[in-house]
Amino acid sequence: MTKHVAVIGAGIGGLTAAALLLKQGFQVTVLEAHVYPGGCAGTFYHKKYRFDAGATLAGGFSAGGPHHQVAQILDLEWPTHPVDPAWVVHLPDGRAVTQWADADQWRAERQEHFPFAEKFWQTQEMLADVSWDISTRPFPWPPESVGDLFRLAGSVRPATLKSLPYLTRTIGSIAPTDDPMFKAFLDSQLLISAQTTSERASALYGSAAVDLPRRGVNHISGGIGALGDTLVEWIRQNGGEVHYRQEVDQIELKNGSVSAIHTKKGMQINCDAAIGNLTPWGMKNLLNGQTPKKLTNELEHKLDPTWGAFMVYLGIDKQKFFSKFPGTATHHQVIVDETKPLGETNSVFFSMADPDDPGRAPDGEVPVTMSTHTEISQWWQLRERDKEAYEARKNRYAENMLDALSKALPGVKECITFCTAGTPVSFQRFTRRPQGMVGGFAQESIFKARGPKTGIENLLMVGDSIFPGQSTAGVTLGGIRVARQMANLLD
Ligand SMILES: Cc1cc2nc3c(=O)[nH]c(=O)nc-3n(C[C@H](O)[C@H](O)[C@H](O)COP(=O)(O)OP(=O)(O)OC[C@H]3O[C@@H](n4cnc5c(N)ncnc54)[C@H](O)[C@@H]3O)c2cc1C
């Protein structure tokens, strides 16, 4: 009889695992709390705008990249087109460093701004090449079975061995971080891709993460949510089920194994196994006091809360914007003050939708998503104790972000037609991620990475809480691994 896998959550990790299992002949049901897929990489409709909720830049579509691998297996096409330059980084001293996708242009750009760092960039590119190369083969890291160890051994090539001396090093230990502007540049790239800065980011992981522009970044027609839509359409066309407005509130266990999934609305899916597109905190909430020791121990003793995100969503008058800033890139990152920690509006990412993408905004306008890393707890404390102070902080953060943007694009405020903001509270509401924790864990050491196992044999985790962590490309790689691991388990 066909084995049935229930997938909790239609984020990119969950949908990828679901589609790949369906392709391998399993019956698949995806239960999604929201009314559209994608989670942090979703696109939401608000007052005639279609805003990207969190993620805006998609990598991993070039040959061998995770999304490319999935497209080949499923025989589907992604609605992508490349963006070059990927983005422009505005440093506190007024310099603008363009992150070209074109390798020669990027080499010339970095040599102009950071001529002393060439040795670092060469090491970074070598390590990135090793990481991206290994990710084209089954690479079940961290290994969770003897089979995983064999697969890992099989994925090693002579070139992989070049990374060995760097396995336990940080990016800071191989980069010339005594130059404050270079450090600000590097740290801001690492924060958005590895969730930590050069002092702590793993050299191997960080090198691959900051390589994103060189690997090719894309706009997605219709918004980043179209990635999830594409997977949902494929799943439905191939006999799988995706149910929206079905928030799971219980994973039922019988004799220590998952037997059924229950939703708040009373739907019950009996299944042979389940996958949670959840954070460890989200997983615990559904296990109703039956959380395995391993996960409880992890939550109580090992895991620190991850970052949250503060968001500003803007409508922009296209004509005004492009007459003020003709030919400007659609993505900008601004660092305000190199002497202060990044995040909390001191580093800001601005992403404009493709101005030619129809239906994303009222006529003559284009939607923009801006984000900054923020610590979650203060938002929750304020919201519980002092609603007015919460609103005041929200307004202050939004103003700070627009001020930061104005440093890079003077006069941009005059182009704004609409503005609304979101906090970790909004992220919890719309992605069901407890406390609005986003982005997965800081990638400090690959030896601290988390795999899909939960402590319950037929329940695996997928998404940015497992290796290799955040980004649509990262969770897709995780999804490929989880589908394989689940198929082995059920065969
Ligand atoms: C501000 C911001 C900017 C980012 N920028 C980029 C970027 O430019 N490029 C990039 O590649 N990545 C970016 N990322 C990271 C990327 O968006 C995420 O790492 C990735 O999308 C997470 O995917 P996931 O599979 O973990 O699922 P999630 O996005 O966490 O989605 C999980 C899904 O499960 C559903 N769900 C949760 N609980 C339940 C339940 N109990 N019942 C039913 N459904 C449930 C949720 O509603 C959601 O749809 C960004 C993230 C943020 C927050």
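My aim in this report is to walk through the structure given alongside it, one point at a time. (Residues numbered from 1 in each chain as written. Predicted model: local features only at pLDDT ≥ 70, side-chain atom pairs only at ≥ 80, totals over all residues.)

Here we take up the nonpolar core. The tendency in soluble globular proteins is for nonpolar side chains to be buried as a group. Ranked by internal contacts, the top residues of the largest apolar core, which has 137 residues, are Val5, Ala18, Leu21, Ile235 and Ala274. Sequence-distant contacts of Ala274, that is, excluding residues within four places in its chain, are made with Val5, Ala6, Ile8, Ile251, Val258, Ile261, Asn458 and Leu459. (Core = buried A, V, L, I, M, F, W, Y, C linked by C-beta atoms within 7 Å. Buried ≥ 20, exposed ≤ 12 C-beta atoms within 10 Å, placed from the backbone. Contact = placed C-beta atoms within 7 Å.)

Looking now at the sheet that holds strand E9 (residues 217-220). Strand pairing in a sheet relies on backbone hydrogen bonds, with the paired strands running either antiparallel or parallel. Read from one edge of the open sheet, 3 strands run E5-E9-E6, paired in antiparallel fashion. Where the open sheet ends on each side, the last strands, each with one partner, are strand E5 (58-59) and strand E6 (80-83). Taken together, the 2 bridges between E5 and E9 define a ladder with antiparallel strand orientation. Along E9, the bridge assignment pairs Ala58 with Asn218. (Pairing = 2+ DSSP bridges. Helix = DSSP H or I, 4+ residues; strand = E, 2+ residues; numbered from the N terminus.)

Attention shifts here to the pairing of strand E4 (residues 49-52). Pairing of strand E3 (residues 43-46) with E4, which is carried by 4 bridges, proceeds in the antiparallel orientation. Bridging from a neighbouring strand, Thr43 pairs with Asp52 of E4. The loop that links E3 with its antiparallel partner E4 comprises 2 residues; one of these, Lys47, has a positive phi angle of about 45 degrees.

For the rest of this paragraph, the subject is unusual backbone geometry. In this structure, the amide linkage connecting Asp84 to the following residue, Pro85, adopts the cis form with an omega of 5 degrees. Within the fold, Pro85 resides in the loop between E6 and strand E7 (87-90). The linkage connecting Trp141 with the following residue, Pro142, adopts the cis geometry, with an omega of -10 degrees. Unlike most non-glycine residues, Gln195 shows phi in positive territory, near 65 degrees. Its location among the elements puts Gln195 in the loop between helix H6 (180-194) and helix H7 (203-209). What makes Gln195 buried here is the crowd of 23 C-beta atoms within 10 Å.

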